[in-house]
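Each chain, written out:
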Amino acid sequence: MSQSNDILEPRLVAVDSYYLSVLDDRIQDISNDCESLSMALSAIKTDDDTSKGVIVAVRAALLANSELASIISEQMSALILQPRVEVISHE
């Protein structure tokens, strides 16, 4: 999405819960992939301090992204479980 949230006008949009569920699955995949990549990096052994620092920084970023994806997934799940709402046009 190229627009900033500050520019977007608030509006209701119709989104199928199945579509939200598919998006949630992809978000969970991202979270799992980040965790797996972090674990894989922890298997790398090196005596070079610079390399160790890079590995630690990348692992920290991957774990932070995994946590963020988990939070987004929880929010998406809450949207999926929202009750159906009927919108009546006033035009």
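Further up the page is the structure itself.
In this report, the structure presented in the accompanying data block is examined.

Calculation criteria
- Residues numbered from 1 in each chain as written.
- Predicted model: local features only at pLDDT ≥ 70, side-chain atom pairs only at ≥ 80, totals over all residues.
- Heavy atoms only, no water.
- Helix = DSSP H or I, 4+ residues; strand = E, 2+ residues; numbered from the N terminus.
- Contact = heavy atoms within 4.5 Å.
- Expected span 1.5 Å × (residues − 1).
- Buried < 20%, exposed > 50% of the residue type's maximum accessible area, 1.4 Å probe, protein only.
- Polar contact = N/O pair within 3.5 Å; in protein donor to acceptor, adjacent residues only side chain to side chain.
- 1 Å grid on protein atoms, 1.4 Å probe; cavity = no way out; pocket = protein on both sides within 12 Å on 5 of 7 lines; lining within 4 Å.
- Points joined across faces, edges and corners; volume = space filled by probe spheres on them.
- Salt bridge = Lys/Arg side-chain N within 4 Å of Asp/Glu carboxyl O.
- Axes fitted to C-alpha atoms, helices over the stretch in contact; angles between N-to-C directions.
- Parallel < 35°, antiparallel > 145°, perpendicular 65-115°, else oblique.
- Left-handed = near helix turned anticlockwise from the far one by under 90°.

1. Digging into the side chain of Ser66
Part 1 of the reasoning: Secondary-structure assignment places Ser66 in helix H2 (residues 49-80).
Part 2 of the reasoning: With sequence-adjacent residues up to four places away left out, Ser66 is seen in contact with Ser31, Cys34 and Glu35.

2. A word on H2
Part 1 of the reasoning: Between its first and last C-alpha atoms H2 spans 46 Å; for 32 residues at 1.5 Å apiece the expected length is 46 Å, and the two agree.
Part 2 of the reasoning: Among the residues of H2, those classed as buried are Ile55, Leu62, Ser66, Ala69, Ser73 and Met76.
Part 3 of the reasoning: Contacts made by the buried residues of H2 are with helix H1 (17-42).

3. Examining H1
Part 1 of the reasoning: If you check H1, its first and last C-alpha atoms are 38 Å apart, about what 26 residues at 1.5 Å a residue would give, namely 38 Å.
Part 2 of the reasoning: Burial in H1 covers these residues: Leu20, Asp24, Ile27, Ser31, Cys34, Ser38 and Leu41.
Part 3 of the reasoning: Buried-residue contacts for H1 involve H2.
Part 4 of the reasoning: The N-cap of H1, judged by a side-chain oxygen 2.7 Å from the amide nitrogen of Tyr18 a few residues on, is Asp16.

4. A few points about the layout of surface pockets
Part 1 of the reasoning: Within this model, the largest pocket holds a volume of roughly 690 Å³.
Part 2 of the reasoning: Lining the largest pocket are 14 residues, with Val13, Ala14, Val15, Pro83 and Val85 positioned closest to its centre.
Part 3 of the reasoning: Of all the secondary structure elements, the ones that give two or more residues to the lining of the largest pocket are H1 and H2.

5. Describing the pattern of salt bridges
Part 1 of the reasoning: In total, this model carries one salt bridge according to the counting rule given.
Part 2 of the reasoning: Salt-bridge contacts for Asp29 lead to Arg26; the nearest nitrogen and oxygen are separated by 3.1 Å. Highlighted residues: Asp29 and Arg26, both in helix H1, separated by three residues, approximately one helical turn.
Part 3 of the reasoning: Among the residues examined, Arg26 registers a relative accessible area of 44% and is labelled partly exposed.

6. Section: the environment of Arg84
Part 1 of the reasoning: One can find Arg84 in the segment after H2.
Part 2 of the reasoning: Sequence separation of Arg84 and Ser17 is 67 residues, and the distance between their C-alpha atoms is 9.5 Å.

7. Some details on the packing of H1 against H2
Part 1 of the reasoning: Running from amino to carboxyl end, H1 crosses H2 at an angle of 160 degrees, the nearest separation of the two axes being 8 Å. Of the possible angle classes, the one that applies to H1 and H2 is roughly antiparallel. Like other packed secondary-structure pairs, H1 and H2 cross with a definite hand, here left-handed.

Function-wise, these values are silent; they only describe arrangement.
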